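Each chain, written out:
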Amino acid sequence: MIPGKYRSVSGRAANNVNCGLHLVIQTSSLPEKSKVEFKLNKETPSFSGRLLQHDLERNYSSRQGDGRVISPSPCNKSSFISSTTNVTELCGLEMKTTMSSLSAFGDSSIQTPSKSRIRQGCHSAGPNVSGDHIHLASSSMPSFPILQRSSEEKILYSDRLTLERQKLTVCPIIDGEEHLRLLNFQHNFITRIQNISNLQRLIFLDLYDNQIEEISGLSTLRSLRVLLLGKNRIKQISNLENLKSLDVLDLHGNQITKIENVSHLCDLRVLNLARNLLSHVDNLNGLDSLTELNLRHNQITFVRDVDNLPCLQRLFLSFNNISTFESVCCLADSSSLSDITFDGNPIAQESWYKHTILQNMMQLRQLDMKRVTEEERRMASVVAKKEEEKKRESHKQSLLKEKKRLTINNVARKWDLQQHRIPNIAPNQDRKVSDSSQDPSQLHGSTVSAFPEETGSLDSGLANALQGLSVTDTHLVEVDGDTLSLYGSGALESLDRNWSVQTAGMVTTVSFTFIEFDEIVQVLPKLKIKFPNSLHLKFKETNLVMLQQFNALAQLRRVDQLTIDPQGNPVVNFTLWKYYVLFRLSHFSMQKINGTEVTQNDMIMAERLFGILAHVASSELPQYRMISILGDARKKQFRYLLETKGKKPGLVNEENNDSKRLVGENTNRAMLNYTTRDVYNERLEEIKEKKKFCKMYMEDLVKEATEINMKNEALQKLWPQMFIELVRDAVIEIRNKNSYMKLCLQQITDQK
Amino acid sequence: MLSPERLALPDYEYLAQRHVLTYMEDAVCQLLENKEDISQYGVARFFTEYFNSVCQGTHILFREFSFIQATPHNRASFLRAFWKCFRTVGKNGDLLTMREYHCLLQLLCPDFPLELTQKAARIVLMDDAMDCLMSFSDFLFAFQIQFYYSEFLESVAAIYQDLLAGKNPNTVIVPTSSSGQHRQRPPLGEASVLEGVEASLFSQCLENLCDRHKYSCPPPALVKEVLSNVQRLTFYGFLVALSKHHGINQALGALPDKGDLMHDPAMDEELERL
């Protein structure tokens, strides 16, 4: 209810229309539940101007300057009911005091008539009051004047007394006015509050624009609800202990440095501490009814305890020194706050100001005197959501980065251990660590894109990316844009996963770090299948030591670029390595090696250096060797080659070329292949076995052969003698013809 | 057809000594390795081809080291193949490190041991400068000596060490040698002051070694010639002299003379065609 009213008031004020101004003093503590209502309708242009000025001051004082100090100054001839101005000063709050017990205190009696009358008095130089109706006389005590009013006055304004602009330096002793409810000492020179302790029914006490240095002498005024002490010299909030019913407390324009001694004011609704010297806001506990708190024009850097004010609706923090939202973050926890100003603070200059405030204070209806629209709120929430996401993302990113860095360090350490490098190179290791700590930043240039799960689905969600970056202690797999990075030999297993078609298609660069080249060779066929578009291979710390290792890369489908980091790849130190790569992988017609464009001259040079090797390998290698060197996969093509070999040379050449194209690789280079050390050793073992067998077999054969040979030789030696003997025997046998014939005949008959 | 030596040895030993067995074993081994393929185009043809390639020296290409070093013929063939394939590297004027030469060797023989390459490099380079660059011809000739005569050189190294230590190796190796002759030589104390060993004494020992050595060794006359030119020499001095001696190179027959090292018109022609 009240905020709505308030809004309408300020709106009217801003529009320079007539303003209804009410101060409502709700005194629930009073047993009779009395309500005092001052309804001040100001139609006079000057007043509305004044009001406007106040409103302006509050809303736009950045433009206006210190309007308040000037406006109530005595030189302003048409200063009206100062009490009301002060009320406006308080907060522009409607002042509505209803007091059921005071029927005479109706609207009519308090409104314009009273004002005009007092105004009149004011007009005739203040003493109007004292001249006719009020009599200031010296009391028995030398320093205090004694005030007496005529009985008419007393009857007319039985419950109020205005002593405005009386050049009073002390409070006069007011006699016989115990029923006074409203007392006005505006624009005097009073330095000390005195002589009013007998006015125990006083509800409204206005001491605006005096020279009071300390709050005192109020301990008996238990009914006081409105205490206006603006524009004085008060340094400390004190001595308010007994004013338990206080509803409005105005302390603006003093020299107060901190908020204190107010925690018992549980009925206080309005507290004005504008234009003081507050450096921060706290100690607000206990102000359970506070609905409005004016803290403009202080030097406040942070605000606390506001969330302990259950009724606070309006908080004015304009023109302070608040620069971060964190320093006022307790505001976000206040559920009642609906109107707040921050203009004139550093925070209001920030680009994030509006949406941060709106996002964190959803309950807000007005910000810097402007109504918060739904659109703005939505915008704020969108922006805030984005910001939050960004923050979360970056947090996750940095988390991942760190995780990644650690993993890479770990992998590097393992690698070093594996390479037996740790013990002798402590500084080297440091270098490594720093190196690898740089790596992530380089690799992380773009955002970590989605990484398929085991299921192979592609999801660009963050959670997935986090999950996708499968960090374990021994290896790391990462897809970053078009780059697949593998750290540690365990990472090679990732090639067995079901990569989504999209990811696989996107990856054009594959980078290997801390993996033995020989291990990489084993997964190259998989790589060829899973990442058909990979064009750029990077090797770092992969133990590339021999030229022949490059042979293994020939089996890939396509390689446009090759980057061999000198770190951990001694082969790069060779003079000829580039040429060998160009020669061996000439069928890829590579474009870049280690970032350098491959020129035509390089190609020619490579051919010149190694062409003979290829020629020798292809033309001089016996066929049986070719067969055993070429894998089964190539045998078909090879057989084709063999068949054509027998034909005419010219024809062969052409067909040769055709088949070369068919194979995609120079066959004369195909002989140059690489088998990893393990495989090779295995093969050597096999050969050893075979050799053993062959040796035994051959031994037997040769032995047999030599034995036969020996027998043969022995026979050869014996044969001439044997022959002679045989002939001699035969001759002797047939020498006696008759007996021989008989013998033969005998044999024949025997057979029958 | 029958050489006189044939009669001096039993058949089996003769075949073994002439490495015929080695090749026969290897042939069968190769046959076993690719029996399906070979059986398609004929075992007889395979054997023909095999022994042809042995004659041409192309049988060692991309073979395992144990086979390459098995016979002097294989070694010579390997040296020739190495020269043939990488002559262009030397022609290009590139100076390479030992490791890079080793890599080139490994292109032809994947399990070529680093040790041998290192030893060859040590002939060219000082001990403390093993990472230095070498020219192709320096390395090739040093490598030839080291590779072809590797067992011989090991024995020589042992003899050299014994001589250096003041022991008379002849008493160990050849007890019947003419030790009286040695006694008249200057005392070894003098030798210890100077670097290396006395050449003539060394020559004597090597002569004995060559007589008995069952592995191939350089022609003794040429070794003598090398040693006769100097008074004293060190082991590596001796190796350098061996590697630079064109007579030994000729006797070995694998490589052309140093002057013609870069010439191989037939291959150049092939290269042009490529």
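Remember, predicted model here, so these are calculated numbers, not experimental data.

Asker: Would you mind going over the overall build of chain A in detail, with residue names and values included?
Answerer: Regarding its fold elements, chain A presents 22 helices and 25 strands. When burial is assessed residue by residue, chain A has 49% of its 752 residues classed as buried. In chain A, of all internal contacts separated by at least 6 residues, the share reaching a separation of at least 24 is 54%. Roughly 35700 Å² of accessible area belongs to chain A as shown, and the carbon and sulfur atoms make up 53% of that amount.

Asker: Hey, could you go over the overall build of chain B for me, with residue numbers and the actual values?
Answerer: When you go through chain B residue by residue, the secondary structure sums to 19 helices and two strands. Counting all 274 residues of chain B, 50% fall into the buried class. Taking the intrachain contacts of chain B between residues at least 6 apart in sequence as the baseline, contacts between residues at least 24 apart amount to 66%. Per element, the accessible surface of chain B, about 13000 Å² overall, is 54% carbon and sulfur.

Asker: Could you give me a rundown of the UniProt feature "coiled-coil region" (unreviewed entry) in chain A, with the residues and numbers involved?
Answerer: The sites that carry the UniProt feature "coiled-coil region" (unreviewed entry) are, in the present numbering, residues 372-405 of chain A. Across residues 372-405 of chain A one finds 94% helix and 0% strand; the C-alpha atoms that close the span lie 46 Å apart.

Asker: Go over the sheet that holds strand 25 (residues 596-597) of chain A with me, naming the residues and quoting the values.
Answerer: Residues and elements named next belong to chain A. Spatial ordering of the open sheet is given by 19-20-21-22-23-24-25, a layout of seven strands whose pairing is mixed. One side of each edge strand has no neighbouring strand; the edge strands of this open sheet are strand 19 (476-480) and strand 25. Its contacts with the sheet put helix 10 (residues 374-418) on strand 19 and strand 20 (483-487), and the angle it makes with strand 19 is roughly 135 degrees.

Asker: Give a detailed account of helix 9 (residues 353-360) of chain A, specifying residues and quantitative values.
Answerer: Think of an α-helix as turning once every 3.6 residues; residues three or four places apart then point the same way. Turning to helix 9 of chain A, its buried residues are Y353, H355, T356, I357 and L358 of chain A. Against strand 17 (366-367) and helix 10 of chain A lie the buried residues of helix 9 of chain A.

Asker: Quick one: what's the story with the interface of chain A and chain B, residue by residue and with numbers?
Answerer: Contacts between chain A and chain B engage 51 residues on the former and 56 residues on the latter. Both sides of the chain A and chain B interface together cover about 4800 Å² of buried area, and 65% of this is carbon and sulfur. When the area that chain A buries against chain B is broken down by residue, the three leading residues are I612, Y624 and M698 of chain A, summing to 15%. Taken together, chain A and chain B are joined by three salt bridges. A salt bridge links K690 of chain A to E33 of chain B; the shortest N-O distance between them is 3.1 Å. Applying the counting rule to chain A against chain B returns nine residue pairs in polar contact (both at pLDDT 80 or more). Of the residues contributing to the side of chain A that touches chain B, the split by class is 29 nonpolar, 10 polar and 12 charged.

Asker: Let's hear about unusual backbone geometry: which residues, and what values?
Answerer: We note that N283 of chain A has phi near 55 degrees; this positive angle belongs to a residue other than glycine. For N283 of chain A, the location among the structural elements is in the loop between strand 12 (280-281) and strand 13 (292-294).

Asker: Give a description of the side chain of S203 of chain B that names residues and reports values.
Answerer: Residues and elements named next belong to chain B. With respect to the secondary-structure elements, S203 resides in helix 15 (residues 199-212). Using a relative accessible area of 11% as the deciding quantity, one classes S203 as buried. The residues touching S203, leaving out its near neighbours within four places in the chain, are K224 and L227.

Asker: Which residues make up the sheet that holds strand 13 of chain A, and what values do they have?
Answerer: Residues and elements named next belong to chain A. Strand order in this open sheet of 11 strands is 5-7-8-9-10-11-13-15-16-17-18, and the pairing throughout is mixed. The sheet is open, and its two borders are formed by strand 5 (160-162) and strand 18 (370-371), each paired with just one other strand. Pairing of strand 16 (residues 339-341) with strand 17, which is carried by two bridges, proceeds in the parallel orientation. Note that in strand 17 the partner of I340 across the bridge is L367.

Asker: Please set out the state of the cysteines residue by residue, giving values where relevant.
Answerer: Disulfide: a covalent bond connecting the sulfur atoms of a pair of cysteines. A full pass over the atoms with the stated rule returns zero disulfides over all chains. Of all cysteine sulfurs, the one in C217 of chain B lies closest to C210 of chain B, which takes part in no disulfide; the gap is 4.0 Å.

Asker: I'd like to hear about the packing of aromatic side chains, residue by residue, with values.
Answerer: Per the counting criterion, the structure on display carries 37 aromatic pairs over all chains. Each ring, one from F517 of chain A and one from Y674 of chain A, has its centre 6.4 Å from the other, and the planes form 50 degrees; the classification is tilted. Taken as a pair, F517 of chain A in helix 14 (residues 517-530) and Y674 of chain A in the loop between helix 20 (667-670) and helix 21 (677-735) lie far apart in primary sequence, 157 residues in all. In this structure Y674 of chain A comes out as buried when scored by relative accessible area, which is 8%. Sitting over the ring of F67 of chain B, R63 of chain B keeps its end group 4.1 Å from the ring centre. It is R75 of chain B that lies over the ring of F147 of chain B; its NZ or CZ is 5.8 Å from the centre.

Asker: I'd like a rundown of the layout of surface pockets, residues and numbers included.
Answerer: Here the second largest pocket is characterised by a volume of approximately 960 Å³. H19, T22, Q69, A70 and Y215 of chain B are, among the 29 residues lining the second largest pocket, the residues nearest its centre. Ranked by residues supplied to the lining of the second largest pocket, first place goes to helix 21 of chain A with eight residues.

Asker: Give me the lowdown on a nonpolar patch on the surface, citing residues and values where you can.
Answerer: Taken together, the side chains of L715, L718, W719, M722, F723, L726, V727 and V731 of chain A define a hydrophobic patch exposed on the protein surface, amounting to about 750 Å² of accessible area. Considering the arrangement of structural elements, one finds V727 of chain A in helix 21.

Asker: Residues and numbers for the packing of helix 7 (residues 72-91) of chain B against helix 8 (residues 98-108) of chain B, please.
Answerer: Residue and element names in this part refer to chain B. Direction vectors running N to C along helix 7 and helix 8 enclose 110 degrees, while the axes themselves pass 10 Å from each other. As summarised for this structure, helix 7 and helix 8 are arranged roughly perpendicular, according to the angle between their axes. Helix-helix and strand crossings are classified by hand; for helix 7 and helix 8 the assignment is right-handed. For the pair helix 7 and helix 8, the contacting residues are F78, A81, F82, C85 and F86 in the first and L104, L105, L107 and L108 in the second. Residue classes in the contact of helix 7 with helix 8 are distributed as nine nonpolar, no polar and no charged.

Asker: Requested: an account of the pairing of strand 20 of chain A, with residues and values cited.
Answerer: Residue and element names in this part refer to chain A. The buried count for strand 20 comes to five of five residues, which makes it a mostly enclosed element. Along strand 20, one buried face is formed by T483, S485 and Y487 and the opposite face, lined by L484 and L486, is buried too. When strand 19 meets strand 20, the two strands line up antiparallel, connected through five bridges. When the sheet's bridge partners are listed, V477 is paired in strand 20 with L486. Counted between consecutive antiparallel strands, the loop separating strand 19 from strand 20 contains two residues, among which G481 sits at a positive phi close to 65 degrees. Here five bridges tie strand 20 to strand 21 (residues 509-513), and the two strands are oriented parallel to one another. Looking across to strand 21, one finds that S485 is bridged to S511. What joins strand 20 to strand 21 is helix 13 (residues 501-506), and the crossover it makes is right-handed.

Asker: An account of the nonpolar core is needed here, citing residue identities and associated values.
Answerer: F86, F202 and F238 of chain B are the most contacted members of the largest nonpolar core, which totals 144 residues. C171, L202, L207 and F325 of chain A belong to the second largest nonpolar core, which has 68 residues in total.

Asker: Explain the pairing of strand 22 (residues 536-540) of chain A to me, using residue names and the numbers behind them.
Answerer: Residue and element names in this part refer to chain A. With four of five residues buried, strand 22 lies mostly within the body of the structure. With respect to chirality, the unit in which strand 21 leads through helix 14 into the neighbouring parallel strand 22 is right-handed. Here strand 22 pairs with strand 23 (residues 561-564) via four bridges, running parallel. Across the sheet, H536 pairs through a bridge with Q561, a residue of strand 23.

Asker: Before we move on, can you summarise helix 8 of chain B with the specific residues and values?
Answerer: With respect to burial, helix 8 of chain B is a largely interior element, 10 of its 11 residues being buried. Every buried residue of helix 8 of chain B is listed here: M98, E100, Y101, H102, C103, L104, L105, Q106, L107 and L108 of chain B. Taken together, the buried residues of helix 8 of chain B touch helix 15 (577-584), helix 16 (600-620) and helix 21 of chain A together with helix 7, helix 9 (114-124) and helix 10 (136-148) of chain B.

Asker: Just give me the short version of the packing of helix 8 of chain B against helix 9 of chain B, but keep the residues and values in it.
Answerer: Residues and elements named next belong to chain B. Between helix 8 and helix 9, the shortest axis-to-axis distance is 10 Å and the interhelical angle comes to 130 degrees. Between helix 8 and helix 9, the crossing angle belongs to the class labelled oblique. At the point where helix 8 passes helix 9, the crossing takes the right-handed sense. Of the residues in helix 9, those in contact with M98, R99, H102 and L105 of helix 8 are L114, T117, Q118 and A121. Along the lines of polarity and charge, the residues of the contact of helix 8 with helix 9 split into four nonpolar, three polar and one charged.

Cut-offs and rules
- Residues numbered from 1 in each chain as written.
- Chains lettered and ligands numbered in written order.
- Predicted model: local features only at pLDDT ≥ 70, side-chain atom pairs only at ≥ 80, totals over all residues.
- Heavy atoms only, no water.
- Helix = DSSP H or I, 4+ residues; strand = E, 2+ residues; numbered from the N terminus.
- Buried < 20%, exposed > 50% of the residue type's maximum accessible area, 1.4 Å probe, protein only.
- Contact = heavy atoms within 4.5 Å.
- Areas by Shrake-Rupley, 256 points an atom, 1.4 Å probe, with all protein chains shown as cover.
- UniProt positions renumbered as here; feature names shortened; annotations may be inferred.
- Pairing = 2+ DSSP bridges.
- Axes fitted to C-alpha atoms, helices over the stretch in contact; angles between N-to-C directions.
- Buried area = accessible area lost by both parts, 1.4 Å probe.
- Salt bridge = Lys/Arg side-chain N within 4 Å of Asp/Glu carboxyl O.
- Polar contact = N/O pair within 3.5 Å; in protein donor to acceptor, adjacent residues only side chain to side chain.
- Nonpolar A, V, L, I, M, F, W, Y, C, P; charged D, E, K, R; others polar.
- Disulfide = S-S within 2.5 Å.
- Phe/Tyr/Trp six-rings, centres within 6.5 Å; stacked < 30°, edge-to-face > 60°.
- Lys NZ or Arg CZ within 6 Å of the ring centre and 35° of its normal.
- 1 Å grid on protein atoms, 1.4 Å probe; cavity = no way out; pocket = protein on both sides within 12 Å on 5 of 7 lines; lining within 4 Å.
- Points joined across faces, edges and corners; volume = space filled by probe spheres on them.
- Patch = residues over 30% accessible without salt bridge, like charges linked within 9 Å, V, L, I, M, F, W, Y side chains within 5 Å.
- Parallel < 35°, antiparallel > 145°, perpendicular 65-115°, else oblique.
- Left-handed = near helix turned anticlockwise from the far one by under 90°.
- Right-handed = clockwise from strand over helix to strand, strands pointing away.
- Core = buried A, V, L, I, M, F, W, Y, C linked by side-chain atoms within 4.5 Å.

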